[in-house]
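# Commentary on secondary and tertiary structure
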There are 2 protein chains.
Amino acid sequence: MQSFPRITDYLRSGLYRWSGDASTFEGDAYIEVVCSPNNPDGSIREAVLKSSNGKTIHDLAYYWPQYTPITAAADHDIMLFTVSKLSGHAGTRLGWALVKDAEVAKKMVKFIELNTIGVSKDSQLRAATILKAISDGYERPDLQTKPGLKMFEFGRRLLSMRWQKLREAVKSSGIFTLPDIQSVHCKFTGETTEACPAFAWLKCEREGMQDCADFFKKHKILTRGGGHFGVESNYARVSMVDRDETFDLFIERLMSLR
Amino acid sequence: MQSFPRITDYLRSGLYRWSGDASTFEGDAYIEVVCSPNNPDGSIREAVLKSSNGKTIHDLAYYWPQYTPITAAADHDIMLFTVSKLSGHAGTRLGWALVKDAEVAKKMVKFIELNTIGVSKDSQLRAATILKAISDGYERPDLQTKPGLKMFEFGRRLLSMRWQKLREAVKSSGIFTLPDIQSVHCKFTGETTEACPAFAWLKCEREGMQDCADFFKKHKILTRGGGHFGVESNYARVSMVDRDETFDLFIERLMSLR
């Protein structure tokens, strides 16, 4: 459902063009992008198209234990990751891919080279430091007794508390609903847990309220309306990963809505 | 003459395609890229095409006082710069543009946004620090008495010494020639100086020696042959801005060629 930036459209590529939602696509020459957990609703997604001529790209930006139970080792042909959602370093603009076909990987490297002549070394240094700090929290014996240094547990505790606050505020407002989320077993934490998505996907249930994002805006809450994601405007997306003060202010304002 | 990476070709753009050297282009719908000082030969270039329908982009990556006399304030419609050649921070992958037409500037920003969702903040922080350090060397009164802190003078002294060594080595070899470089008045330094390009553009003059880059390679000198720049293979480009040890080794090996 997520709308991707489309350089192919901008340059009117003779090779590729945006064809809309995979669920309405007909044909067998395609590249399907599967965003799982999905942005904006946090749901687990699988490829919709099944032709052996097509290619599937899995965007696993949010497939980390703080956001969602890790139910299986990811094993798709082309998988995209980013430090942006892993640890919140969006500004570093660094991601990586795990790709099974060496020829495809080579083309991806060539594309990056043509686009930007390679990723900033400053970003690479920062990302290497971040990844080391995260894995040190799990792998260095001298840090094992300090649970605060385990990033995924820290992230999950924080998001879990935020989702609890959000559910209470949504319930007390009586205006909105949230997607149903099932508890499943997480192989990383070993616990059965609910997902804690990075976004809340709110649906305005009040009759006659057509534009959810507009309603929020009038109450000084900035969201991204359903239209941006190809659905009705009675939906709105809210970030769950902003700073504490911002999140608390959001809950405060949400609680005051009638 | 410089060969640019061409994302338009890679995506088979319906809008733009590479049409080769501007000097052989016919028509009036074009974007001409003027690299001045030119890579590889360091010469000062002007636009070749003059149609009012065309656009001209000036790549001024090397238009800094350490490389070339600054003869006039640059005042073209679209001018590109980079910290890569200014201070040697190529890995930071940050440049900037001065653009007269606000609509063109907006499109350039949009392109960067679609390509990379913006430049790495790590790079922006590094570049801001670099630019401040350079301007401090000229503008902070307490640093005015320390000539070593004036980056362009430092760069010019270093390059000037290297070019002197290179000219001696080239002369003693009797095999090569270098482009003629005239001394002109530099408005930045106030002196009449020769250019000290970031690359040496060597021509092998020995009869029967067809492949200059290949000849160098046999003597453990890595260059980039004329073919990469659309000219005969009796030309080769050598970097003048590598580390001291590498440059000294290059001169040593060049001196030993017979």
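Residues numbered from 1 in each chain as written. Chains lettered and ligands numbered in written order. Predicted model: local features only at pLDDT ≥ 70, side-chain atom pairs only at ≥ 80, totals over all residues. Heavy atoms only, no water.

- The name given to chain A in an unreviewed UniProt entry is Alliinase C-terminal domain-containing protein, with the source organism recorded as Musa balbisiana.
- You can read under Cofactor (unreviewed entry) in the UniProt record for chain A the words "pyridoxal 5'-phosphate". (UniProt positions renumbered as here; feature names shortened; annotations may be inferred.)

## Examining the interface of chain B and chain A
- With 28 residues of chain B at the interface, the matching set in chain A holds 28 residues.
- Interface area for chain B against chain A, summed over the two sides, is near 2,600 Å², with a carbon-plus-sulfur share of 61%.
- When the area that chain B buries against chain A is broken down by residue, the three leading residues are Tyr10, Leu11 and Asp122 of chain B, summing to 26%.
- Applying the counting criterion to the chain B and chain A interface returns two salt bridges.
- Between aspartate 122 of chain B and arginine 126 of chain A there is a salt bridge, and its shortest N-O distance comes to 2.7 Å.
- Here chain B is connected to chain A by 23 residue pairs in polar contact (both at pLDDT 80 or more).
- Secondary-structure elements contributing two or more residues to the side of chain B that touches chain A are helix H1 (7–10), helix H3 (102–116) and helix H4 (121–139) of chain B.
- Among the elements that line the side of chain B that touches chain A, the one with the most residues is H3 of chain B, at six residues.
- Per-class residue counts for the side of chain B that touches chain A are 10 nonpolar, 10 polar and eight charged. (Contact = heavy atoms within 4.5 Å. Buried area = accessible area lost by both parts, 1.4 Å probe. Salt bridge = Lys/Arg side-chain N within 4 Å of Asp/Glu carboxyl O. Polar contact = N/O pair within 3.5 Å; in protein donor to acceptor, adjacent residues only side chain to side chain. Helix = DSSP H or I, 4+ residues; strand = E, 2+ residues; numbered from the N terminus. Nonpolar A, V, L, I, M, F, W, Y, C, P; charged D, E, K, R; others polar.)

## Observations concerning the domain arrangement of chain A
All names here are of chain A.
- Considered domain by domain, chain A is made up of domain 1 (7–135) and domain 2 (157–255).
- Distance from the C-alpha centre of domain 1 to the C-alpha centre of domain 2: 25 Å.
- Counting the surface lost from both domain 1 and domain 2, the interface buries some 1,300 Å², and carbon and sulfur atoms represent 70% of this.
- Summed over the three residues of domain 1 that lose the most area to domain 2, namely Pro40, Tyr67 and Pro69, the buried surface amounts to 44% of that side.
- Here domain 1 and domain 2 share zero salt bridges between them.
- Our count for the domain 1 to domain 2 interface comes out at three residue pairs in polar contact (both at pLDDT 80 or more).
- Taken together, the residues of the side of domain 1 that touches domain 2 sort by class into six nonpolar, five polar and one charged. (Domains from an automatic or database assignment.)

## So, helix H5 (residues 151–173) of chain A
Residues and elements named next belong to chain A.
- Taking 1.5 Å per residue, 23 residues should reach 33 Å; H5 reaches 33 Å between its end C-alpha atoms and fits that length.
- For H5, the full list of buried residues reads Met151, Phe152, Gly155, Arg156, Leu159, Arg162, Trp163, Leu166, Ala169, Val170 and Ser173.
- Looking at the residues trailing H5, positive phi occurs at glycine 174, about 70 degrees. (Expected span 1.5 Å × (residues − 1). Buried < 20%, exposed > 50% of the residue type's maximum accessible area, 1.4 Å probe, protein only.)

## A word on the state of the cysteines
All names here are of chain A.
- According to the stated counting rule, one finds two disulfides over all chains in the structure shown.
- Note that cysteine 204 is cross-linked by a disulfide to cysteine 212, the S-S spacing being 2.3 Å. The S-S bond linking cysteine 204 to cysteine 212 shows a torsion near 65 degrees; that makes this disulfide right-handed. (Disulfide = S-S within 2.5 Å.)

## Here's the deal with the side chain of asparagine 234 of chain A
- For asparagine 234 of chain A, the position within the fold is in the loop between strand E9 (224–225) and strand E10 (235–239).
- Residues in contact with asparagine 234 of chain A, not counting those within four places in the same chain, are Leu202, Lys203, Cys204, Met209, Gln210 and Cys212 of chain A.

## Here we look at a nonpolar patch on the surface
Residue and element names in this part refer to chain A.
- A surface patch of nonpolar side chains, about 340 Å² in accessible area, is lined by Leu15, Tyr16, Ile31 and Val33.
- In this fold, leucine 15 is placed in the loop between helix H1 (7–10) and strand E1 (31–35).
- On the basis of relative accessibility, which here comes to 35%, the residue leucine 15 falls in the partly exposed class. (Patch = residues over 30% accessible without salt bridge, like charges linked within 9 Å, V, L, I, M, F, W, Y side chains within 5 Å. Areas by Shrake-Rupley, 256 points an atom, 1.4 Å probe, with all protein chains shown as cover.)

## Here's the deal with the sheet that holds strand E2 (residues 55–59) of chain A
All names here are of chain A.
- Pairing is mixed in the open sheet, where four strands are placed in the order E1-E2-E3-E4. Since the sheet does not close on itself, it has two edges, and those belong to E1 and strand E4 (95–99), each with one partner. Recorded for the sheet is a direction-independent mean angle of 20 degrees between the axes of neighbouring strands.
- Pairing geometry for strand E3 (residues 78–82) and E4, over five bridges, is antiparallel. Pairing of leucine 80 across the sheet is with alanine 97, part of E4.
- The sheet strands contacting helix H3 (residues 102–116) are E2, E3 and E4, and the helix crosses E4 at an angle near 160 degrees. (Pairing = 2+ DSSP bridges. Axes fitted to C-alpha atoms, helices over the stretch in contact; angles between N-to-C directions.)

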